[in-house]
Amino acid sequence: MPPKNRHPTSASVQSSTPKSTPSATTTTSSKPLNANTAQDIVQNVWDKYVQRTPQRVKLLDSFMAFLVAVGALQFVYCVIVGNYPFNAFLSGFSATVGQFVLTASLRIQTNPENKAEFETISNERAFADFIFGSLLLHFFCVNFIN
Amino acid sequence: MRWLFSFLVLALLGAVQALSSSGSRLLVVLEELAEKDKYSEFWDDLRGRGYTLSFESPKNDKLSIFKHGERAYDHLILFPPKTKGLGPALTPKLLLEFLKKDGNVLLTLSADHPTPSAIVSLLLELDIHLPSDRNTLVVDHFNYDTVSAGEKHDVLLVPAPKALRADVKNYFEVDGTIAVPRAVGQGLGNATPHLAPILRAGSSAYSYNPKDEAEIVEDPFAVGEQLSLVSAMQARNSARFTVVGSTEMLQNEWFDAKVGAVGGKEQTTTANRAFAAKVSEWTFKETGVLKVGRLQHYLNEGKKNVNESAVGVPEHNPGIYRIKTDVSFTIELSEYTSTHLSPFTPPATDDVQLEFSMLSPFHRLSLTPLAQTANSTIFGTSFVLPDQHGIFNFRVNYKRPFLTSVDEKRQVTVRHFAHDEWPRSWNISAAWVWVGGIWVTVAGWVAFVALWLYSEGVEKGVKKTQ
């Protein structure tokens with residue numbers, strides 16, 4: 001039987017349909033991979049990301065993006081205006097950086113794709129570690145900024 | 001307590017009636033004791049001021065200015081010997097020891113006999129130079145006494161000395177002119193600040209050897225006001241050594257001689273007696289003596305308005321301060337004049353200064369007179385400690401010509417901020433951005449945790465229902 005061919009394209013290979021995920025895919029499920037320009041590449045990456053990643057991981061990623069934004073803002077402010085109370089700058093910046101690292105480790109440990117490597121660590125355990133680490137970080141930052 | 005102690009001491013002083021601030025035992029060294037009578041008015045003046053005089057000859061074997069390692073006398077008057085030196089008990093080394101032990105010396109020189117080399121070397125130790133030709137005397141062809149030295153011009157008539165500098169008080173002010181017969185002029189070296197001339201020769205005076213037959217004097221030792229007729233040297237421990245160039249000016253006949261100036265109409269009486277009194281008063285520490293009373297420094301952090309002048313501050317002279325705090329310093333200074341302590345007022349253009357120094361002064365501030373007590377002036381100032389921690393000294397270093405030196409040091413530790421003395425982050429306006437950054441992060445984190453738990457529950461719930 002001829003392979004399913006939803007869109008008559010030229011010589012592109014069809015990839016398998018994406019796995020079913022809780023989030024609905026908005027694209028029409030075919031991957032035109034005529035990635036000629038950089039913009040197309042980026043668009044493809046983005047589309048794949050939106051399709052493939054679970055909702056919870058996307059929540060993590062959005063939090064990390066938020067932290068990057070806050071950290072970048074603080075850093076740009078420091079570059080422009082100066083780092084007068086240096087301990088304050090370090091404290092504020094390292095709050096975002098540390099929180100980013102903790103969130104990244106939570107993402108690694110709870111990503112379903114990594115399930116094989118983290119069989120001994122349940123998601124709840126990972127999340128508990130994340131909470132504990134975050135509280136420590138917040139305590140340190142508040143203490144260091146005086 | 002310091003108050004009580006100083007009052008006790010003052011009361012005792014009053015009872016004893018000694019006028020010198022440093023003792024009343026005076027030794028006069030005269031080679032020929034028969035000459036003693038020529039100076040009887042001088043001795044009477046000294047005795048009247050409370051000194052006990054002893055007369056010794058330098059040839060005396062038993063003479064010793066030290067006894068058991070301490071000074072046997074408080075003051076010395078040395079008259080010029082006719083022989084080689086002042087004897088084994090008064091070598092230059094021993095006299096310098098006497099000075100180091102706070103004894104005062106009045107040395108007189110005479111042009112009648114060549115000055116012995118021992119005395120020349122002693123004076124050289126103090127940077128006072130005598131002419132190398134031992135037979136010189138000071139001559140002035142325009143300011144001599146026409147009555148007694150009309151031809152030789154070797155009796156100088158010198159006006160009473162004025163203040164050495166504008167900012168130095170004059171302790172030798174007398175009414176009239178001073179007759180200086182047959183003086184040995186001295187030249188003062190420049191090396192130390194301890195030397196000061198009390199009486200200078202006039203600008204037309206010069207030093208020459210009367211036996212020299214030449215018409216003009218070539219290369220004189222010194223001329224004019226470089227010649228010091230009465231010189232004063234005050235050592236670092238405030239011991240005083242005065243050199244009077246002419247012994248004869250202390251004699252009775254010159255105390256009230258009638259002298260006539262060149263071109264003057266009438267004869268005047270010399271002021272030698274008064275001048276000798278002033279010189280001996282200064283040399284034997286009756287005048288020009290400063291005393292330090294209470295010294296206190298304290299933290300002035302504005303709790304209450306402290307009346308620093310009269311009342312002692314309860315917590316004063318702490319051993320440790322913190323950087324960048326307000327500190328006040330007061331010191332009491334009195335001047336001792338002959339019988340009593342009186343408040344010290346520095347001359348108008350002069351200042352008593354406080355140095356706050358570690359290795360070099362961080363602050364050098366003028367002390368203003370805040371108040372006066374019956375005996376003293378209280379000087380004080382306030383300042384902010386520098387932004388440097390370490391060991392500092394409060395130092396009042398007041399050394400002026402003709403005044404005893406005041407050098408009071410108090411050492412304090414200045415510590416840095418303690419861990420809880422730093423300003424809080426919300427009090428530093430530049431830190432608000434970072435404070436905000438932290439709390440924005442925390443708020444985002446709380447929101448994330450809420451969403452995570454919520455979505456976890458929903459997922460589970462979804463799974464369960466399915």
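An unreviewed UniProt entry annotates chain B as Dolichyl-diphosphooligosaccharide--protein glycosyltransferase subunit WBP1 of Mytilinidion resinicola. Per UniProt, chain B carries the Subunit (unreviewed entry) text "Component of the oligosaccharyltransferase (OST) complex." The UniProt entry for chain B carries the following text under Pathway (unreviewed entry): "Protein modification; protein glycosylation."

Chain A carries the name Dolichyl-diphosphooligosaccharide--protein glycosyltransferase subunit OST2 in an unreviewed UniProt entry, which gives Mytilinidion resinicola as its organism. Within the UniProt record for chain A, the comment given under Pathway (unreviewed entry) is "Protein modification; protein glycosylation." Listed in UniProt under the heading Subcellular location (unreviewed entry), the comment for chain A reads: "Endoplasmic reticulum membrane".

**Some remarks on the UniProt feature "transmembrane region" (unreviewed entry) in chain A**
UniProt feature "transmembrane region" (unreviewed entry): in the numbering of this structure it lies at residues 62–82 and 126–145 of chain A. Annotated as residues 62–82 of chain A, this span is 95% helix and 0% strand, and its ends, taken at the C-alpha atoms, are 29 Å apart.

**Let's talk about the interface of chain A and chain B**
How large an interface is tends to be reported as the accessible area lost when its parts come together. Facing the 33 residues of chain A at the interface are 28 residues of chain B. Across the chain A to chain B interface the summed buried area is about 2600 Å²; carbon plus sulfur atoms make up 78%. Counting the surface chain A buries against chain B, the share from its top three residues, Arg56(A), Leu59(A) and Asn146(A), is 25%. Applying the counting rule to chain A against chain B returns 0 salt bridges. Linking chain A to chain B there are 4 residue pairs in polar contact (both at pLDDT 80 or more). Put simply, the parts of the chain that give the side of chain A that touches chain B at least two residues each are helix H2 (55–81), helix H3 (86–110) and helix H4 (123–144) of chain A. Residue contributions to the side of chain A that touches chain B peak at 10 residues, all from H2(A).

**Regarding the pairing of strand S23 (residues 361–372) of chain B**
All names here are of chain B. Sheet topology places strand S22 (residues 352–357) next to S23; 6 bridges connect them, and they run antiparallel. Across the sheet, the residue bridging to Ser357 is Pro361, located in S23. Here S23 hands over to strand S24 (residues 377–384) after 4 residues, the two strands then running antiparallel side by side.

Cut-offs and rules
- Residues numbered from 1 in each chain as written.
- Chains lettered and ligands numbered in written order.
- Predicted model: local features only at pLDDT ≥ 70, side-chain atom pairs only at ≥ 80, totals over all residues.
- Heavy atoms only, no water.
- UniProt positions renumbered as here; feature names shortened; annotations may be inferred.
- Helix = DSSP H or I, 4+ residues; strand = E, 2+ residues; numbered from the N terminus.
- Contact = heavy atoms within 4.5 Å.
- Buried area = accessible area lost by both parts, 1.4 Å probe.
- Salt bridge = Lys/Arg side-chain N within 4 Å of Asp/Glu carboxyl O.
- Polar contact = N/O pair within 3.5 Å; in protein donor to acceptor, adjacent residues only side chain to side chain.
- Pairing = 2+ DSSP bridges.

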